[in-house]
Amino acid sequence: MEGLKDSDKSFRLQNIAVIEDNPAHVMLIHMTLEDTQEDYKVVAYENLKTFEEDVKINVPDLVIADLNLPDGTAIDLLKKCFGNHEFPVIVMTAQGDESSAVQVMKLGALDYIVKTEDFFQEVPRTIQRVWREWSLVKKNELAEQQLIDNEARYRNLFEATTDGILILKNGIISDANPSAIRLFRLDNFQELVGKSLLQFSPKNQHNAGESAVLFEHYSQQALLNSNARFEWQFID
């Protein structure tokens, strides 16, 4: 999966689909977007059918849809699945309807706006705000997926390595790989986890001192230096 830095390129707003059967309203949206410094590509559709056919090939970054269309509603649009294609939807309507507003927002629309003169003037700001919200959600989802993928890769390495690995928290073993279990000549994971490393160590380390004291000393050194290496004797 791409890193976040590379993936930022895919979060650029460029292609905007407008699903609207009123040519005057389409023209107003075009005009307000042309007045910006952004290089938007706006494609208009007068009904849901033409949009649904075209979206198979030309996937928009953002959709502005009229609530009521000749062959359906924006609610129908929000209920449809477009495969792996996802895009934020802004729903606009000539008349405010609280129940419709609640329904479209529950279905995933990022905004529900009544068409007024102010609305058309505010279209550039509205789509930028919606795009920021959408991009933030998608970047967070990407980061979470990367974390899951990284954890899976780490787990595979942890399980597959021939070196015995113990993970300790406050001196207690919280995890162990199969090689560590074999190294301690134990039968299963549970025989290690939840126990202190000192339970598997002699009282004194060979020619070095008391195990409990050395363990505390070595632990502090390991926290200060991730490359610290120590010899440790376990009970055979």
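Quantities reported herein were computed from a predicted structural model and do not represent experimental measurements.

### Some points on the nonpolar core
Counting 22 residues, the largest nonpolar core has Ile19, Phe51, Val63, Leu77, Val91 and Val104 as the members making the most contacts within it. When residues of this core are traced back to their parent elements, those giving at least two are β1 (15–19), α3 (48–54), β3 (62–66), α4 (74–79), β6 (89–93) and α5 (98–106). Ile16, Val18, Tyr40 and Ile113 belong to the second-largest nonpolar core, a separate cluster that totals 20 residues.

### Focus: the pattern of salt bridges
Following the criterion strictly, the structure yields ten salt bridges and no others. The shortest N-O distance in the salt bridge between Lys138 and Glu141 comes to 3.0 Å. Taken together, the positions of Lys138 and Glu141, both in helix α6 (residues 117–160) and three residues apart, correspond to about one turn of that helix. Where salt bridges share partners, they join Glu20, Asp66 and Lys115 into one cluster.

### Brief notes about the sheet that holds β1
If you walk across this open sheet you meet the five strands as β2-β1-β3-β6-β7, and the pairing is parallel. Across the chains shown, the open sheet's two edge strands, defined by having one partner strand only, are β2 (41–45) and β7 (111–114). The mean angle between the axes of side-by-side strands here comes to 20°, regardless of whether they run parallel or antiparallel. Examined bridge by bridge, β3 and β6 share four bridges and lie parallel to one another. Paired with Asp66 across the strands is Met92, a residue of β6. Those strands touched by α5 are β6 and β7, and its axis lies near 150° from that of β7.

### Regarding the pairing of β7
Residues in a regular strand point their side chains to alternate faces of the sheet. In this structure, β6 lies alongside β7, joined through four bridges in parallel fashion. Along β7, the bridge assignment pairs Thr93 with Val114. Read from β6 through α5 to β7, the crossover connection turns out right-handed.

### Some thoughts on the confidence of the model for the chain
On average, residues of the chain score 87 in pLDDT, and 94% of them reach the 70 mark or higher. Across the chain, element-level confidence peaks in β1 with a mean pLDDT of 96 and bottoms out in helix α1 (residues 4–7) with 43. Low pLDDT, under 50, characterises residues 1–7; the predicted model gives this stretch 13 contacts beyond four residues in sequence or across chains.

### With respect to the environment of Arg182
Examined against the element boundaries, Arg182 turns out to sit in helix α7 (residues 178–183). Look at Arg182 and you get exposed, because its relative accessible area is 57%. Remark: the alpha-carbon pair of Arg182 and Thr162, spanning 20 residues in sequence, is separated by 10.0 Å.

### Describing α6
End to end, α6 covers 64 Å across 44 residues, agreeing with the expected 64 Å (1.5 Å per residue, within 8%). A maximum bend of about 60° is found in α6 at Val123, where proline Pro124 lies one to four positions downstream.

### Re unusual backbone geometry
Phi at Asn170 takes a positive value of approximately 55°, unusual for a residue other than glycine. One non-glycine residue, Arg185, adopts positive backbone phi at about 55°. With respect to the helices and strands, Arg185 occurs in the loop between α7 and β10 (204–205). Overall, the relative accessible area of 65% leaves Arg185 in the exposed class.

### Points about helix α2 (residues 23–34)
Because the α-helix completes a turn every 3.6 residues, residues three or four places apart line up on one side. Taking 1.5 Å as the rise per residue, α2 with twelve residues should run 16 Å; its terminal C-alpha atoms sit 16 Å apart, in good agreement. Tucked into the core, α2 has its buried residues touching β1, β2, β3, β6 and α6. Sitting at the amino-terminal end of α2 is Asn22, which places a side-chain oxygen 3.0 Å from the backbone nitrogen of Ala24.

### Considering the packing of α2 against α6
For the pair α2 and α6, interaxial distance at closest approach is 8 Å and the crossing angle is 60°. By the angle between their axes, α2 is oblique relative to α6. Judged by the sense of rotation from one axis to the other, the crossing of α2 with α6 is right-handed. Only Phe120, Gln121, Val123, Pro124 and Ile127 of α6 make contact with α2, whose side of the interface consists of His25, Leu28, Ile29, Thr32 and Leu33. For the contact of α2 with α6, a count of residues per class yields seven nonpolar, three polar and no charged.

Each value, and the rule that gives it
Residues numbered from 1 in each chain as written. Predicted model: local features only at pLDDT ≥ 70, side-chain atom pairs only at ≥ 80, totals over all residues. Heavy atoms only, no water. Core = buried A, V, L, I, M, F, W, Y, C linked by side-chain atoms within 4.5 Å. Buried < 20%, exposed > 50% of the residue type's maximum accessible area, 1.4 Å probe, protein only. Helix = DSSP H or I, 4+ residues; strand = E, 2+ residues; numbered from the N terminus. Salt bridge = Lys/Arg side-chain N within 4 Å of Asp/Glu carboxyl O. Pairing = 2+ DSSP bridges. Axes fitted to C-alpha atoms, helices over the stretch in contact; angles between N-to-C directions. Contact = heavy atoms within 4.5 Å. Right-handed = clockwise from strand over helix to strand, strands pointing away. pLDDT = per-residue confidence, 0-100. Expected span 1.5 Å × (residues − 1). Bend = angle between axes of the 7 residues up to and from the residue. Polar contact = N/O pair within 3.5 Å; in protein donor to acceptor, adjacent residues only side chain to side chain. Parallel < 35°, antiparallel > 145°, perpendicular 65-115°, else oblique. Left-handed = near helix turned anticlockwise from the far one by under 90°. Nonpolar A, V, L, I, M, F, W, Y, C, P; charged D, E, K, R; others polar.

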